[in-house]
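# Topology and contacts: notes
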Amino acid sequence: NRYVFTTLIMTCACTQLEEDKPDALRIAFDAYNRMIDAGLTPSSDSYAYLLKCCENLLPHETQRDQRNELSRTVFDAARDNGAVNSRLLLCLRKCNPVLYE
């Protein structure tokens, strides 16, 4: 169910080891895609944790363009699904301040 997918995404967002971050990012977005494929609508928490994945798993300056592109995609999907709330906007501000503005 949606809760299981969101919990998996949240867990990925908490990955600390640098060598595990690429796999964690892949797993998080795979979970999101599987949620969609299963006909489940992601919650605002699902989108917020995806933004945290972008922030935490793509933290380096060399990954800024990828982080900004991915966070824009996540935010657009959240907006299209009516899942934007203050918590999601806070995550967006931390992950992609330019888009937040």
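The structure we're discussing is the one just above.
Structural notes, computed from the coordinates. Owing to the predicted nature of the structure, the values given are computational and were not obtained by experimental measurement.

### Considerations on the packing of helix α3 (residues 44–57) against helix α5 (residues 86–95)
Across the interface, α3 lies against α5 with an axial gap of 9 Å and an inter-helix angle of 10 degrees. If you check the angle between α3 and α5, you find them roughly parallel. Across from Ser-44, Asp-45, Tyr-47, Ala-48, Tyr-49, Leu-51, Lys-52, Cys-54 and Glu-55 in α3, the residues of α5 making contact are Arg-87, Leu-88, Cys-91, Leu-92, Lys-94 and Cys-95. Here the contact of α3 with α5 is composed, by residue class, of 9 nonpolar, 1 polar and 5 charged.

### A short note on a nonpolar patch on the surface
Together, Val-84, Leu-89 and Tyr-100 make up an exposed nonpolar region whose accessible area comes to about 210 Å². Here Val-84 is to be found in the loop between α4 (64–80) and α5. Given a relative accessible area of 34%, Val-84 falls into the partly exposed group.

### Quick word on the environment of Thr-15
As for its position among the elements, Thr-15 is in the loop between α1 (2–13) and α2 (21–37). By relative accessible area, Thr-15 is classed as buried at 17%. Taking the C-alpha atoms as reference points, Thr-15 and Leu-57, separated by 42 residues in sequence, lie 7.4 Å from one another. Ignoring anything within four residues of it in the chain, the contact list for Thr-15 reads Asp-20, Lys-21, Ala-24 and Leu-57. Polar contacts involving the side chain of Thr-15 include one to the main-chain carbonyl oxygen of Cys-12, which spans 2.8 Å.

### What about the pattern of salt bridges?
A complete count under the given rule lists 7 salt bridges for this structure. Where Asp-30 meets Arg-34, a salt bridge forms, and the shortest distance between an N and an O atom there is 3.0 Å. Of the two residues, Asp-30 and Arg-34 are both situated in helix α2; the distance of 4 residues between them amounts to about one turn of the helix. Accessibility expressed as a relative area gives 33% for Asp-30, which makes it partly exposed.

Thresholds applied
- Residues numbered from 1 in each chain as written.
- Predicted model: local features only at pLDDT ≥ 70, side-chain atom pairs only at ≥ 80, totals over all residues.
- Heavy atoms only, no water.
- Axes fitted to C-alpha atoms, helices over the stretch in contact; angles between N-to-C directions.
- Helix = DSSP H or I, 4+ residues; strand = E, 2+ residues; numbered from the N terminus.
- Parallel < 35°, antiparallel > 145°, perpendicular 65-115°, else oblique.
- Contact = heavy atoms within 4.5 Å.
- Nonpolar A, V, L, I, M, F, W, Y, C, P; charged D, E, K, R; others polar.
- Patch = residues over 30% accessible without salt bridge, like charges linked within 9 Å, V, L, I, M, F, W, Y side chains within 5 Å.
- Areas by Shrake-Rupley, 256 points an atom, 1.4 Å probe, with all protein chains shown as cover.
- Salt bridge = Lys/Arg side-chain N within 4 Å of Asp/Glu carboxyl O.
- Buried < 20%, exposed > 50% of the residue type's maximum accessible area, 1.4 Å probe, protein only.
- Polar contact = N/O pair within 3.5 Å; in protein donor to acceptor, adjacent residues only side chain to side chain.

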